[in-house]
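Results of the structural survey
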Amino acid sequence: MKDCVRDTWQVMEDYVRQGKVRSIGVSNFNRHHLDNLLSYAKIRPVVNQIEVHPLMTQEENIAYNQSLGIQVEAWGPFGQGDIDVIGHSLLQSLAAKYQKTASQIVLRWIIQRDLITIPRAKPNHFKENLDVMAFSLSDEDMQAISALNQNLRSNAFNDPDNFPW
């Protein structure tokens, strides 16, 4: 990781000390990125925003963040580009079982993993997205969704290990 991350982090820490912001975080950091950051950071990130969806579950990265007390925000919960998470047959089957949409199944899976997500949505989806608090997925269904993992990123540019820092 280049000095730009260190320099940027120091500016963000200054903003916290000056009371201009309450908390700061990172995006797309893997374990080694966090370890590097924590070697000089005086303020621990509050959140790490990473790509998470049923085809990219990031189990180890999430567990590591949580072990450090860093909240994970899942971006791209429905996949992007050529990744059709919502159309997956398992998610469609679970949607029918729970009488919900496949999108609601994915959002509930994320919430039950103690992750944050703020899905992009059109106005007609707002109510649907909020309705994910009205049901829970069984442990068996949670595991089945997680088993869909293929470590499939929405595109290579989103891979922090190949990002042009």
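This text gives an overview of the structure that appears in the document. All figures in this text were calculated on a predicted structure; none of them were measured in a lab. (Residues numbered from 1 in each chain as written. Predicted model: local features only at pLDDT ≥ 70, side-chain atom pairs only at ≥ 80, totals over all residues. Heavy atoms only, no water.)

**A few points about the overall build of the chain**
- Along the backbone of the chain there are 7 helices and 4 strands.
- From first element to last, N terminus to C terminus, the chain shows the α and β order α-β-α-β-α-β-α-α-β-α-α.
- Along the longest, intermediate and shortest principal axes, the C-alpha atoms of the chain span 50 × 30 × 30 Å.
- Surface accessibility of the chain: about 9,300 Å² in total, with carbon and sulfur atoms responsible for 50%.
- Separation of charge centres in the chain, based on 16 positive and 19 negative side chains, amounts to 7 Å. (Helix = DSSP H or I, 4+ residues; strand = E, 2+ residues; numbered from the N terminus. Areas by Shrake-Rupley, 256 points an atom, 1.4 Å probe, with all protein chains shown as cover. Lys, Arg positive; Asp, Glu negative; His and termini not counted. Charge placed at Lys NZ, Arg CZ, Asp CG, Glu CD.)

**Regarding the side chain of Q58**
- On the secondary structure map, Q58 appears in the loop between strand 2 (47-51) and helix 3 (59-67).
- Within the structure, the side chain of Q58 is placed 3.1 Å from the side chain of N61, a separation counted as a polar contact.
- Setting aside anything within four residues of it in sequence, one finds Q58 in contact with N30, I50, E51, V52 and R153. (Polar contact = N/O pair within 3.5 Å; in protein donor to acceptor, adjacent residues only side chain to side chain. Contact = heavy atoms within 4.5 Å.)

**Overview of the sheet that holds strand 2**
- Taken in spatial order, the 4 strands make up an open sheet running 1-2-3-4, and their pairing is parallel. Only two strands of the sheet have a single partner each, and these edge strands are strand 1 (26-27) and strand 4 (116-117).
- Here strand 3 (residues 71-75) runs beside strand 4; their pairing, made up of 2 bridges, is parallel. Paired with A74 across the bridge in strand 4 is T117. (Pairing = 2+ DSSP bridges.)

**Points about the pairing of strand 2**
- Strand direction decides the pairing type here: strand 1 and strand 2, joined by 2 bridges, are parallel. Pairing of S27 across the sheet is with Q49, part of strand 2.
- In terms of handedness, the path from strand 1 via helix 2 (residues 31-38) over to strand 2 forms a crossover that is right-handed.
- For the crossover that starts at strand 2, traverses helix 3 and ends in the parallel strand 3, the hand is right-handed. (Right-handed = clockwise from strand over helix to strand, strands pointing away.)

**Some words on the environment of A144**
- Looking at where A144 falls in the secondary structure, it is placed in helix 7 (residues 139-146).
- Take A144: its relative accessible area is 28%, and that puts it in the partly exposed class.
- It is 8.2 Å that separates the C-alpha atoms of A144 and L90, two residues lying 54 residues apart in sequence. (Buried < 20%, exposed > 50% of the residue type's maximum accessible area, 1.4 Å probe, protein only.)

**Observations concerning the pattern of salt bridges**
- Summed over the entire model, instances satisfying the criterion amount to 4 salt bridges.
- D14 is the partner of R17 in a salt bridge, and the nearest nitrogen-oxygen pair spans 2.8 Å. Taken together, the residues span about one helical turn, with R17 and D14 both in helix 1 (residues 3-17) at a distance of 3 residues.
- Overlapping salt bridges bring together E13, D14 and R17 as one network. (Salt bridge = Lys/Arg side-chain N within 4 Å of Asp/Glu carboxyl O.)

**A look at helix 3**
- Turning to helix 3, its buried residues are N61, I62, Y64 and N65. The buried residues of helix 3 occupy one face: seen down the axis, they fall within an arc of 165°. Exposed and oriented more than 90 degrees from the buried face of helix 3 are E60 and S67.
- Those residues of helix 3 that are buried lie in contact with helix 2, strand 2 and strand 3. (Arc of directions from axis to C-beta.)

Such coordinate-based values are descriptive only and should not be taken to indicate function.
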